[in-house]
Amino acid sequence: TTASSAMKKKRMNKKKKSASTQSARTPTQITTSKQNPHVVRLDFPKSLFSSSIPPLPPQTLSAHSTLLTHLGSIMTSPKSKLAQYLRVIHPTVPLTSVSLSQQSKVLTLTFTERPPQEALDDLIASIKKHFTSLYQERLVCSFCMTRIVTGQVRCGDCGNNRLLQVPDTFSSYPTANVAGKIHRRTHRPCADAQASRVASILTAADDVSKRMAGLSLSGSPPPPPPSAVRRRPDVEASYCSIMNGLPMKTVLRQRVKGYKRRPLSLSASKVTSVEHLRELAYEFCEARVMSADTKRESAVYDTLLDEIGAADEFVDWGRADGREATFDFGEFGTVPMRGSPDGTYKSLPVELKTVVSSIRHGASSEKIRSWALQVASYQKTHGSGSASGITPAILLVVSIKDGDVLALEIPPSNHERACVAWRRNLAIAYGGNHAFALRYWKELIRYLNLPRRVQVKKRVETLRSVASWQNQDAVRLTEEGLACMSGVWEREGAAAFVSKIGAGRKLVKKGMRGWEWKRDRHARALINRIKAETRELFERSMALAVSGFEGAKKKSSEGGSVANVELKAILQTFALVRVLAQWRENKKEVSIVDAAIEDIKKQAKSWKISVEAILPADVLLEWDDGKDEDEEGDAEEEEEQIVFQAG
């Protein structure tokens, strides 16, 4: 009897194990309520994974149970508007609601009437794709920000099992308004943009290129050099044909994502300008995950290009994978840098750029040179198939205003010019008042050249060392800047005062947002000191600027004339006041100063004075330490999510 009982128990356990295995292999379980034939229930979460990924093992489902439960709440919350989205892209399906029971682990779809099976299958496929995307977006290691392989619990690089904090708004679908604009727009090859003008911009000297107006230059451009930029009508025709034939449903289904900024990393976009290179020192240690901006058409264009590359019917187009190559920056060292273009066309890397205005006026010389520097990195990272290791690349420019499309083939010679520009940018970025930032660049290069396994071990040590440097440099630069305050009314003294204190503020904030840096005692102490030390200067400068402007208006009303020198002094004083208002963390004061500057510009027109002639726009910005991180608002604090922990 005992033996028989043991055999029965063994057979029962075997059946349970077999049923569990079968459920894991075929997780999609769809049941229809007999009482209400208009209700469809899906087993949560197994039935919600797309067939494109292998069945998840039970230990992974158990380890990520908290995350999966949260994702279910995201899908069914009113803010996600999942039911509304499904009704838009599946208009023939009479869906009324989507609900989730956490106790019974069942996702319920309610319809006004039973939909056709084909339409129901299409709807469920959309739900699966949506849920799988939400899940895979969050499989990122919180320590090294490396993507964790689907089905795994721990990071393959560092072994960490904690997932990165990702806000619910990290990804979303485009609004119906944005999708409608893209769908209704007629895309056509640009009629008047000349590739020879682009070639002349890329090969011109710096002082000449700054005076160029991009593709809207008048007169004949100089003859292009050998192997210059050339238009690709075949790329333009193919892209326009595909975009004009996309159904509205495809545009609405695009999943627009935010971006993740990794500390201790160097991307192609960071070496395109002096400003971006300087930001490396300020944002060295800060990891950030930003929400998706579904109101920008440019973000939807990027996802559409990725969708085109994944489609089997568009054989010339493909998705681009991220690749790494080593770049030589001369005296600034050699560094491995990763490049991820937006797509490929016949195996050539493609970078897509959008301009709000027409291409002739939107593709300015400054933008073209910046785009070419970014493309140059892809020419090497994706040039392994060419003999020289440098491949041509496609720069695809789309006008949001009129739908014009310009495709340019950037030759391999662009990479050589980019190497010279990169070294020049580095010399400018880490020279003069910003020489202190050079050691941050050297530390980044040293870290990136370590073997991957050593990077993982040295990561925390490196971040702590750099954070200590930032605090020390912030205090030193602030003290040096405050020492220059007595000479603020002299141009050189004002430049040193603003640049040093501005750099000190950015260093101590370390790229953090307002509600983040306020938790750091070093940041709070230094910011409060700057506010206290510059309060008197702010009040005196504001009074001087206002009285100067009122005096100029009174002089003009009495029949006198306002000299260029007077107006220039007023504008410079207001520019200084704006910087001080930013340092005071007072958005209202900043907006008041901005309004005053606009009022001055309007008055200058009535006085027949050109503001740009006496004080170019870039001079105003010289005194401004840039867009303050806190202008994003403390409302960001409400978006903070818990860090999901496996296990």
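Residues numbered from 1 in each chain as written. Predicted model: local features only at pLDDT ≥ 70, side-chain atom pairs only at ≥ 80, totals over all residues. Heavy atoms only, no water.

Quick look at the overall build of the chain now. Looking only at helices and strands, the chain has 24 helices and 17 strands in total. Counting over 647 residues, the chain shows a buried share of 49%. Pairs at least 24 residues apart make up 73% of the contacts formed inside the chain by residues separated by at least 6 positions. (Helix = DSSP H or I, 4+ residues; strand = E, 2+ residues; numbered from the N terminus. Buried < 20%, exposed > 50% of the residue type's maximum accessible area, 1.4 Å probe, protein only. Contact = heavy atoms within 4.5 Å.)

Another point: the side chain of T573. Looking at the element boundaries, T573 is found in helix α21 (residues 564-583). T573 sits in the buried class, given a relative accessible area of 10%. Sequence-distant contacts of T573, defined by excluding residues within four places in its chain, comprise W489, S541 and A545.

Core analysis: the largest hydrophobic core is formed by 81 residues, its most contacted members being L266, F329, W422, Y440, W441, F497 and F574. Ranked by size, the runner-up nonpolar core spans 70 residues in total, among them I53, L95, Y135 and I308. (Core = buried A, V, L, I, M, F, W, Y, C linked by side-chain atoms within 4.5 Å.)

Enumeration according to the criterion identifies twelve aromatic pairs in this entry. On the numbers, 6.1 Å between centres and 50 degrees between planes, the contact of Y239 with W317 is tilted. Here W317 lies in strand β11 (residues 317-318) and Y239 lies in helix α9 (residues 233-245), a separation of 78 residues in the sequence. When its relative accessible area of 0% is taken as the criterion, Y239 is described as buried. Three or more aromatic residues joined by ring pairs make a cluster, and in this case those are F327, F329, W422, Y430 and W441. Between R459 and the ring centre of F143, over which it is positioned, the NZ or CZ distance is 5.4 Å. (Phe/Tyr/Trp six-rings, centres within 6.5 Å; stacked < 30°, edge-to-face > 60°. Lys NZ or Arg CZ within 6 Å of the ring centre and 35° of its normal.)

Moving on, we come to the layout of surface pockets. Reported here for the second largest pocket is a volume of approximately 1100 Å³. For the second largest pocket, the lining is made up of 32 residues, of which K79, S80, K81, T169 and S172 are closest to its centre. Among the elements of the structure, α3 (65-76), α4 (82-89), α5 (117-137) and β5 (171-172) are those that each provide at least two residues to the lining of the second largest pocket. A per-element tally of the lining of the second largest pocket places α4 first, with four residues. Per-class residue counts for the lining of the second largest pocket are eleven nonpolar, 13 polar and eight charged. (1 Å grid on protein atoms, 1.4 Å probe; cavity = no way out; pocket = protein on both sides within 12 Å on 5 of 7 lines; lining within 4 Å. Points joined across faces, edges and corners; volume = space filled by probe spheres on them. Nonpolar A, V, L, I, M, F, W, Y, C, P; charged D, E, K, R; others polar.)

To continue, consider the pattern of salt bridges. Inspection of the entire model under this criterion finds 32 salt bridges. Between E351 and K353 there is a salt bridge, with the nearest N and O atoms lying 3.4 Å from each other. An identical accessibility class is assigned to E351 and K353; each is buried. The partner of K500 in a salt bridge is E480, and the shortest N-O contact between them spans 3.0 Å. Here K500, found in helix α18 (residues 491-509), pairs with E480, found in helix α17 (residues 452-483); they are 20 residues apart in sequence, far enough to count as distant. Take K500: its relative accessible area is 16%, and that puts it in the buried class. In this structure E480 comes out as partly exposed when scored by relative accessible area, which is 29%. (Salt bridge = Lys/Arg side-chain N within 4 Å of Asp/Glu carboxyl O.)

All right, on to the side chain of E443 then. Within the secondary structure layout, E443 lies in helix α16 (residues 438-448). Separated by 2.8 Å, the side chains of E443 and R446 make a polar contact. Beyond its immediate chain neighbours, meaning those up to four positions away, E443 contacts F284, T462, V466 and W469. (Polar contact = N/O pair within 3.5 Å; in protein donor to acceptor, adjacent residues only side chain to side chain.)

Judged by how many residues are buried, strand β15 (residues 348-355) sits mostly within the fold: seven of eight residues are covered. In this structure, strand β14 (residues 343-345) lies alongside β15, joined through three bridges in antiparallel fashion. What sits directly across from Y345, in β15, is L348. The hairpin turn running from β14 into β15, its antiparallel successor, is two residues long, and K346 in that turn takes a positive phi close to 50 degrees. With six bridges joining them, β15 and strand β16 (residues 393-399) adopt parallel strand pairing. Within β16, the residue paired with E351 across the bridge is L395. (Pairing = 2+ DSSP bridges.)

Attention now moves to unusual backbone geometry. That bond from F44 to P45 is cis: its omega, 0 degrees, falls within 30 degrees of zero. Checked against the element boundaries, P45 lands in the loop between β2 (39-43) and α2 (58-63). With a phi close to 55 degrees, K510 is a non-glycine residue in the positive phi region. Residue E585 is not a glycine yet carries a positive backbone phi of 60 degrees. For E585, the location among the structural elements is in the loop between α21 and α22 (587-606). In this structure E585 comes out as partly exposed when scored by relative accessible area, which is 24%.

The next thing to look at is the packing of helix α7 (residues 195-203) against helix α14 (residues 365-381). The geometry of α7 relative to α14 is characterised by a closest axis approach of 10 Å and an angle of 75 degrees between their N-to-C directions. Classified by the angle between their axes, α7 and α14 sit roughly perpendicular to one another. Contact with α7, carried on its side by V198, I201 and L202, involves S365, I368, R369 and A372 of α14 and no other residues of that element. Grouping the amino acids of the contact of α7 with α14 by side-chain chemistry returns five nonpolar, one polar and one charged. (Axes fitted to C-alpha atoms, helices over the stretch in contact; angles between N-to-C directions. Parallel < 35°, antiparallel > 145°, perpendicular 65-115°, else oblique.)

Within the secondary structure layout, D473 lies in helix α17. For the pair formed by D473 and A503, sequence separation is 30 residues and the distance between their alpha carbons is 8.9 Å. When sequence neighbours within four positions are dropped, the list of residues in contact with D473 reads F436, R439, Y440 and L507. There is a polar contact of 3.2 Å between the side chain of D473 and the side chain of R439.

Further remarks concern helix α11 (residues 274-282). Regarding α11, the residues found buried are V274, L277, E279, L280, A281 and Y282. Those residues of α11 that are buried are in contact with α15 (413-429), α16, α17 and α18.

Turning our eyes to something else, we now look at the environment of T334. Here T334 is to be found in strand β13 (residues 334-339). Measuring from C-alpha to C-alpha, the distance between T334 and N449 comes to 8.3 Å, with 115 residues separating the pair along the chain. Apart from the residues within four sequence positions on either side, T334 is in contact with T326, F327, D328, I445 and N449.

Confidence in the prediction for the chain averages 82 pLDDT; 84% of positions are at 70 or higher. Mean pLDDT per element in the chain: helix α8 (residues 206-209) is the minimum at 42, and β11 is the maximum at 96. (pLDDT = per-residue confidence, 0-100.)

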